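One-letter residues, chain by chain:
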Amino acid sequence: MTVHLNWFLPTGGDGRTLVDRHAYTDGGITRSRVTPVSGVRAPDIDYLIQIAKAAEQLGFEAVLTPTGTWCEDAWLTTVALAQHTERLKFLVAFRPGVISPVLAAQMAATYQRITRGRLLLNVVTGGDSTEQRRFGDHLDHDRRYARTDEFLSVVRGVWGGRPFDFAGEHYQVEGGLTALPPDPLPEVFFGGSSAAAGPVAAHHTDVYLTWGEPPEQVKQKIDWIRGLAEEQGRTVRFGIRLHTISRDSAAEAWATANRLLDDLDPDTIAAAQQALGRSESVGQQRMLALHGGSRDDLEISPNLWAGVGLVRGGAGTALVGSHADVADRIEEYHALGVEHFVFSGYPHLEEAYWFGEGVIPDLAARGLLPRIPASPLAGVPAANGRPASAPGGAPLLVAGGR
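Residues numbered from 1 in each chain as written. Predicted model: local features only at pLDDT ≥ 70, side-chain atom pairs only at ≥ 80, totals over all residues. Heavy atoms only, no water.

**Regarding the environment of Ala 275**
Here comes step 1: As for its position among the elements, Ala 275 is in helix α9 (residues 266-276).
Here comes step 2: In this structure the C-alpha to C-alpha distance between Ala 275 and Val 311, which are 36 residues apart in sequence, comes to 9.6 Å. (Helix = DSSP H or I, 4+ residues; strand = E, 2+ residues; numbered from the N terminus.)

**Let's talk about the pattern of salt bridges**
Pairs can form between side chains of opposite charge whenever their charged atoms are close.
Here comes step 1: Evaluation of the coordinates by the stated rule reveals 16 salt bridges.
Here comes step 2: The shortest N-O distance in the salt bridge between Glu 187 and Arg 237 comes to 2.1 Å. Highlighted residues: Glu 187 in the loop between β6 (172-176) and β7 (188-190) and Arg 237 in strand β9 (residues 237-247), separated in sequence by 50 residues.
Here comes step 3: Judged by its relative accessible area of 24%, Glu 187 falls in the partly exposed class.
Here comes step 4: The closest approach of N and O atoms between Arg 366 and Asp 362, which form a salt bridge, is 2.6 Å.
Here comes step 5: Residue classification places Arg 366 among the partly exposed positions, given a relative accessible area of 28%. (Salt bridge = Lys/Arg side-chain N within 4 Å of Asp/Glu carboxyl O. Buried < 20%, exposed > 50% of the residue type's maximum accessible area, 1.4 Å probe, protein only.)

**Topic: the packing of aromatic side chains**
Here comes step 1: Enumeration over the complete set of coordinates arrives at 12 aromatic pairs.
Here comes step 2: Each ring, one from Trp 7 and one from Phe 60, has its centre 5.2 Å from the other, and the planes form 40°; the classification is tilted. Taken together, the positions of Trp 7 in strand β1 (residues 4-8) and Phe 60 in the loop between α1 (45-58) and β2 (62-65) put the pair 53 residues apart, joining distant regions of the chain.
Here comes step 3: The exposure class of Phe 60 is buried, given its relative accessible area of 4%.
Here comes step 4: Centroid distance Trp 7 to Phe 355: 6.4 Å. Interplanar angle 40°. Geometry classified as tilted. A residue pair is termed long-range when its members are at least 10 positions apart, and Trp 7 in strand β1 and Phe 355 in helix α12 (residues 348-365) qualify at 348 residues. Per residue, the accessibility class of Trp 7 equals that of Phe 355, and both read buried.
Here comes step 5: Here the aromatic residues Trp 7, Phe 60, Phe 341, Phe 343 and Phe 355 are joined through ring pairs into a cluster of three or more. (Phe/Tyr/Trp six-rings, centres within 6.5 Å; stacked < 30°, edge-to-face > 60°.)

**A word on helix α11 (residues 323-336)**
Here comes step 1: Its 14 residues place the ends of α11 20 Å apart at the C-alpha level, agreeing with the 20 Å of an ideal helix rising 1.5 Å per residue.
Here comes step 2: If you check which residues of α11 are buried, you get His 323, Val 326, Ala 327, Arg 329, Ile 330, Tyr 333 and His 334. Buried residues of α11, seen end-on, are gathered within an arc of 160° and therefore sit on one face of the element.
Here comes step 3: Elements in contact with the buried residues of α11: α7 (215-231), β9, β11 (304-305), β12 (318-322), β13 (338-344) and α12. (Expected span 1.5 Å × (residues − 1). Arc of directions from axis to C-beta. Contact = heavy atoms within 4.5 Å.)

As structure tokens, this is what we get:
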């Protein structure tokens, strides 16, 4: 079992500070209680093309594109980026409650033909009722997961190429059909830590995706989902969502992580924690429990840093260390059964190069990747202690997207 490495597209904006300007107070509509954000990069198509091309050249298999109020539409953005790449796959996040399952199945089929098979699907049930109501969805947490179960049943049913009937609590379909089913069928990624989420993952998921908890907690989740899937006669693969700060030395990496905290005053952290604490997402509550809102003891496991989650919703941990340290941790998670890794590091363009030119060759040398991707600037000497192809010097991290 080799490792599948994936990157992230910041369609909500990029930058250099650890302040998620979208995740708390009033959702980013005003900035009254948020540290001012500087150095923000708009998620325009030219910048996103740079990131997508870098990810492809460095050897990442796919890029995750988030969904929600504060980012560009994932379907439209990624199909545009597909025209500027050749092999890169797109892990498109979408909310099943705001679109017809038959239409979603048809969109996926069209996407596969346009991109020649480069679509992966990330099903986001949603753990924030305020966000869901913006899209006209008024179901509670557990009923949203029940609807997701029906949604995926319909999607897989109409992909069969024959008229498909379904009668459920949330969907009633008569003769649902995708006349030209997608080929290949897109793999379905899905995450959820609640009791309501587990059976849905076991029933439908190809890859169960968890946020970056310490290895022992990740193992518990893997055992839980694997057991539920085995009861249904299915096999589920596993993935993890993490940030990364990888440098030529551990001291450089930790210095970068520590500098991120300099931007965070107590009021900013308190505002973020207050808002994130209202989330219905069990996964989000598990992220918050890793640090308890405190700056102290943020290395919660070797090279696993919870500082991101002080102010950022969603994925709140980063692998921090030398390239070998980060590769060690990836190998540790891989030994537990984690196959897919979805990384981000801010700004995304620079951090893709730090990881791609530092960690990926190490993983390949350990036999965890099929080959070492050729660097587009192989043979060009590094300058100022950074990869030769990394623009702008050693970057800081910014939160944005999920």
